[in-house]
Amino acid sequence: MDRVSAFDEPLKKLLGGATAKVMAEHLDLHTVGDLLHHYPRRYEERGRLTALADLPLDEHVTVVAQVADARVLMFNNGRGKRLEVTLTDGHGRLQLVFFGHGVHKPHKELLPGRRAMFAGKVSVFNRKMQLAHPTYQLLDAESADGAEAAEAVDAFAGRLLPIYPACKQLDSWRIAKAVDTVLPSAQEAVDPLPPGLREGRGFTALPEALLKVHRPQTKADIAEARDRLKWDEAFVLQVALARRRYADTQLPAVARRPVPGGLLDAFDAKLPFTLTDGQQKVSKEIFDDLATEHPMHRLLQGEVGSGKTMVALRAMLGVVDAGGQAAMLAPTEVLAQQHHRSITEMMGELAEGGMLGGSEQGTKVVLLTGSMGVAARRQALLDLVTGEAGIVIGTHALIEDKVQFHDLGLVVVDEQHRFGVEQRDALRTKGKQPPHLLVMTATPIPRTVAMTVFGDLETSVLDQLPAGRSPIASHVVPAKDKPHFLSRAWERVREEVENGHQAYVVCPRIGDDADDEAAGKKAKKAPEAEGDKRPPLAVLEIAEQLTKGPLAGLRIEVLHGRMNPDDKDDVMRRFAAGEVDVLVATTVIEVGVNVPNATAMVIMDADRFGVSQLHQLRGRVGRGSAPGLCLLVSEAHEASPARARLSAVAATLDGFELSRIDLEQRREGDVLGQAQSGVRSSLRMLTVIDDEEVIAAAREEAVAIVAADPELEHLPELRTALDALLDKEREQYLDKG
């Protein structure tokens, strides 16, 4: 076998069709290399039992435990049989249940005192944790299938048992068997680390690291293997990003320096407040970048309401001063319209360049979205191509072929935009030379994630809120256990309205026909997901219930993404003007809606939203001088991970702290996988949250290597690893989460 092909060998050649099919469909493992990089999640010591009290609900687990007792119960007047087995770890207990014909074999084998590995999904029945119909493998040799048990004992005797990320169709020990089959191929591993780097840092060789991670003899083996494999992941990824940054620095751009006494100075002079220290510091970083002759690539992150739009607007005005144009891309039409509205308000007569009553130094600020009328659109396109409009705000409609600029100097991308390489290239072609780029996000990103997901961008952080923002109190409302808490939540909303304020009620779903059909399909597809026991609460239903029930008499309106844009605008405008008391909405209000008089928010089915999304939503209240209130309504079980997540959100307003919690909770799903549009992530060993030093050191090494050899001509093994990481599609996703 040549050196590359051993890892590229399809699994079905070695493992047989059925196993390979399950691995491909449920674990996304297709080749020998994929399986060798499917590392154990943890290791059990043969003689030790798993702590049963700490098992996570609703997750597929593998445990080593001892049978305490087993009994067969009859039900349905003796027509049905149920086997209940109690496991113990010496402290906690866990119930197993088997039904019907599945009772016979475990009844013979699972005798008190026996030890075995059990795999299944943890659920709660009658307030007890249980596994229904788990698979198991005995760890002593007296089973019906003596040979297989003896082999299992032999394989695991005195050793650490690897517990693999498994699925319902394939348990951990079957994966371990498959790994044994392919393990000899580890000798063929191509080592991506340059020899000098590997020796300098004292790393074990790659084939040995793979052997030790799958079949460790000691705990030291595991630590040694993990250190090495983490480094590979961090390093190859950082090389990919360093090459992207290097390529960007080779591009030409027009330096844009604001002119004294121009538009920016005029704007600053009429600001009714001074910029925060953070805004001034970040602005300086941006203006320094804009003054260079290669394109700026900067990520600006800051909490909701930290004043990012102000910083971006000043950068855009500086570019207009320097004779260029600036474009701002928003993810939705609602948001584009809102940015347009707030920017023209902030600029006043400066946004009316060339119009009667406009300022001498002014420029035109135009809006461009897909749903504009033909005449308005034609005028906007004309203003762009002649250079009459210095600033344009729009959705990705801005990237279309028809849109031509006079001289595009800066692109600002706002929140949530999956802004990949193709779009970036499409925009680059609209400038005489590549424009400068500023990406903004209100989702706080820990430094390590910024170094991985957004590793090709320099990062600026706005971490102080402007004066005058009020504190927000957050509470979890357990609707199922304590229904009177929910009644009290609606009373609180009524009290806020009676005090002259307004409220949001957020639901996960709209509740119209198209929506219900989609929800129905989803429920059919995943019956075992806890959330699908009932469909998520819907805007239209909740609005109707509130109008007839607890909030009768208040002015209630709905807002969701399938409404006609004019109707959406009308509802938002009336809410902002104080003509609506309660807005029942989907997450369309998550970004950009600014109504200082709204003080309360009730989030229904809050456990169906992610941590950062809840934090974003909550940022819509407490924007004025009155304190904000956010109530997280949930039916999730008190011991569930979902409730733990909500309690974490309620406990802190610090977005960076929450983003760490979010990452820790999602580490199996892995950050990059989440951020890269679902492309299977390259990170299996590296946990972005804990391995900050590894990532920072790998970044440093990667930068030095790419500076010395941008094409990696002298490092063919590293190139091979890079190509494996970045098949062409992945390279584009890497570029922008």
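Residues numbered from 1 in each chain as written. Predicted model: local features only at pLDDT ≥ 70, side-chain atom pairs only at ≥ 80, totals over all residues. Heavy atoms only, no water.

A. Broad picture of the overall build of the protein chain. Along the protein chain, the regular secondary structure elements total 28 helices and 21 strands. Surface accessibility of the protein chain: about 32,500 Å² in total, with carbon and sulfur atoms responsible for 51%. (Helix = DSSP H or I, 4+ residues; strand = E, 2+ residues; numbered from the N terminus. Areas by Shrake-Rupley, 256 points an atom, 1.4 Å probe, with all protein chains shown as cover.)

B. How the structure looks around the confidence of the model for the protein chain. Of all residues in the protein chain, 84% attain a pLDDT of 70 or more, and the chain-wide mean is 82. Model confidence for the protein chain, summarised as mean pLDDT per element, is weakest for helix H25 (residues 671-675) at 39 and strongest for strand E17 (residues 502-506) at 95. Contacts of residues 667-681 to residues separated by more than four positions or lying in other chains number 40 contacts, the stretch itself having pLDDT below 50. (pLDDT = per-residue confidence, 0-100. Contact = heavy atoms within 4.5 Å.)

C. Quick peek at the nonpolar core. With 39 residues, the main nonpolar core has Met316, Met347, Ile391 and Leu410 as its most contacted residues. One finds Val32, Ala176, Val179 and Val182 within the second-largest nonpolar core, a separate group that totals 33 residues. (Core = buried A, V, L, I, M, F, W, Y, C linked by side-chain atoms within 4.5 Å. Buried < 20%, exposed > 50% of the residue type's maximum accessible area, 1.4 Å probe, protein only.)

D. Region of the structure containing helix H13 (residues 308-321). The terminal C-alpha atoms of H13 lie 20 Å apart, and with 14 residues this matches the ideal 20 Å at 1.5 Å per residue to within 8%. Within H13, 13 of the 14 residues are buried, leaving the element largely enclosed by the surrounding structure. A positive phi of about 95° marks Gly323, the residue just after H13. (Expected span 1.5 Å × (residues − 1).)

E. Layout of the pairing of strand E2 (residues 60-75). Pairing of E2 with strand E5 (residues 115-125), which is carried by seven bridges, proceeds in the antiparallel orientation. Within E5, the position partnered with Val63 by the bridge is Phe118. In terms of strand pairing, E2 meets strand E3 (residues 80-88) through nine bridges, oriented antiparallel. Bridged to Met74 within E3 is Lys81. Linkage of E2 to E3, two consecutive antiparallel strands, is achieved through a turn of four residues, within which Asn76 is found at a positive phi near 60°. (Pairing = 2+ DSSP bridges.)

F. Here's a closer look at the sheet that holds strand E11 (residues 364-368). Pairing in this open sheet of seven strands is parallel, and the strands run E11-E12-E10-E13-E14-E9-E15 from one edge to the other. Of all the strands in the sheet, the pair left with one neighbour each is E11 and strand E15 (458-462). Direction aside, the axes of adjacent strands within the sheet are offset by 20° on average. The pairing of strand E9 (residues 297-302) with E15 spans five bridges and is classified as parallel. Directly across from Gln301, in E15, lies its bridge partner Val461. This element, helix H12 (residues 277-290), spans E9, strand E13 (408-414), strand E14 (436-441) and E15 of the sheet and lies at about 155° to E15. (Axes fitted to C-alpha atoms, helices over the stretch in contact; angles between N-to-C directions.)

G. Main features of unusual backbone geometry. Phi at Asn76 is positive, roughly 60°, even though this residue is not glycine. Following the sequence through the fold, Asn76 ends up in the loop between E2 and E3. Take Asn76: its relative accessible area is 48%, and that puts it in the partly exposed class. One non-glycine residue, Asp605, adopts positive backbone phi at about 50°. Within the secondary structure, Asp605 is located in the loop between strand E20 (598-603) and helix H22 (611-618). Residue Asp605 is classed as buried on the basis of its relative accessible area of 3%.

H. Broad picture of the sheet that holds strand E16 (residues 472-478). Strand order in the open sheet made by the six strands is E16-E21-E20-E17-E19-E18, with parallel pairing throughout. Every other strand in the sheet has two partners, leaving E16 and strand E18 (556-559) as the edge strands with one partner each. Direction aside, neighbouring strands of the sheet carry axes that sit 20° apart on average. Note: E17 against strand E19 (residues 582-585), four bridges, orientation parallel.

I. Layout of the environment of Pro508. Relative to the helices and strands, Pro508 resides in the loop between E17 and helix H19 (513-525). Look at Pro508 and you get partly exposed, because its relative accessible area is 28%. As for Pro508 and Pro536, which are separated by 28 residues in sequence, their C-alpha atoms are 6.1 Å apart. Sequence-distant contacts of Pro508, that is, excluding residues within four places in its chain, are made with Pro536, Leu537, Met604, Asp605 and Phe609.

J. Summary view of the pattern of salt bridges. Evaluated as defined, the whole model comprises 36 salt bridges. One salt bridge connects Lys212 with Glu208, and the closest N-O pair in it is separated by 2.9 Å. Separated by four residues within a single helix, Lys212 and Glu208 lie in helix H9 (residues 206-214), roughly one turn from each other. Here Arg719 and Glu711 are joined by a salt bridge, their closest N and O atoms 3.9 Å apart. Linked by salt bridges that have partners in common, Arg488, Glu491, Arg492, Glu495 and Glu496 make up one network. (Salt bridge = Lys/Arg side-chain N within 4 Å of Asp/Glu carboxyl O.)

K. Here's a closer look at the side chain of Asp34. When you line up the elements, Asp34 lands in helix H4 (residues 32-36). The exposure class of Asp34 is buried, given its relative accessible area of 18%. At a separation of 2.8 Å, a polar atom in the side chain of Asp34 contacts the main-chain amide nitrogen of His30. (Polar contact = N/O pair within 3.5 Å; in protein donor to acceptor, adjacent residues only side chain to side chain.)

L. Geometry of the packing of aromatic side chains. In the structure shown here, the tally under the stated rule is six aromatic pairs. Both rings, one in Trp231 and one in Phe235, keep their centres 6.1 Å apart while their planes meet at 35°; by these two values the pair is tilted. Residue Trp231 and its partner Phe235 are both found in helix H10 (residues 219-249); the two are separated by four residues, about one turn of the helix. Residues Trp231 and Phe235 agree in their burial class; the two are buried. Here the aromatic cluster, defined as three or more aromatic residues joined through ring pairs, consists of Phe98, Phe118 and Tyr136. (Phe/Tyr/Trp six-rings, centres within 6.5 Å; stacked < 30°, edge-to-face > 60°.)

M. Region of the structure containing the packing of H13 against helix H14 (residues 333-347). Direction vectors running N to C along H13 and H14 enclose 70°, while the axes themselves pass 12 Å from each other. The angle between the axes of H13 and H14 places the two elements in the roughly perpendicular class. Crossing handedness for the pair H13 and H14: right-handed. Contacts between H13 and H14 involve Thr309, Met310, Leu313, Met316 and Leu317 from the first element and His339, Ile343, Met346 and Met347 from the second. Of the residues assigned to the contact of H13 with H14, the class counts are seven nonpolar, two polar and no charged. (Parallel < 35°, antiparallel > 145°, perpendicular 65-115°, else oblique. Left-handed = near helix turned anticlockwise from the far one by under 90°. Nonpolar A, V, L, I, M, F, W, Y, C, P; charged D, E, K, R; others polar.)

N. Here's a closer look at the packing of H22 against helix H23 (residues 641-651). At a minimum axis distance of 10 Å, the contact between H22 and H23 shows a crossing angle of 35°. Crossing angle aside, the handedness with which H22 passes H23 is right-handed. When H22 is examined against H23, the residues Val611, Leu614 and Arg618 are found in contact with a partner set consisting of Arg645, Leu646, Val649 and Ala650. For the contact of H22 with H23, the class distribution of residues is five nonpolar, no polar and two charged.

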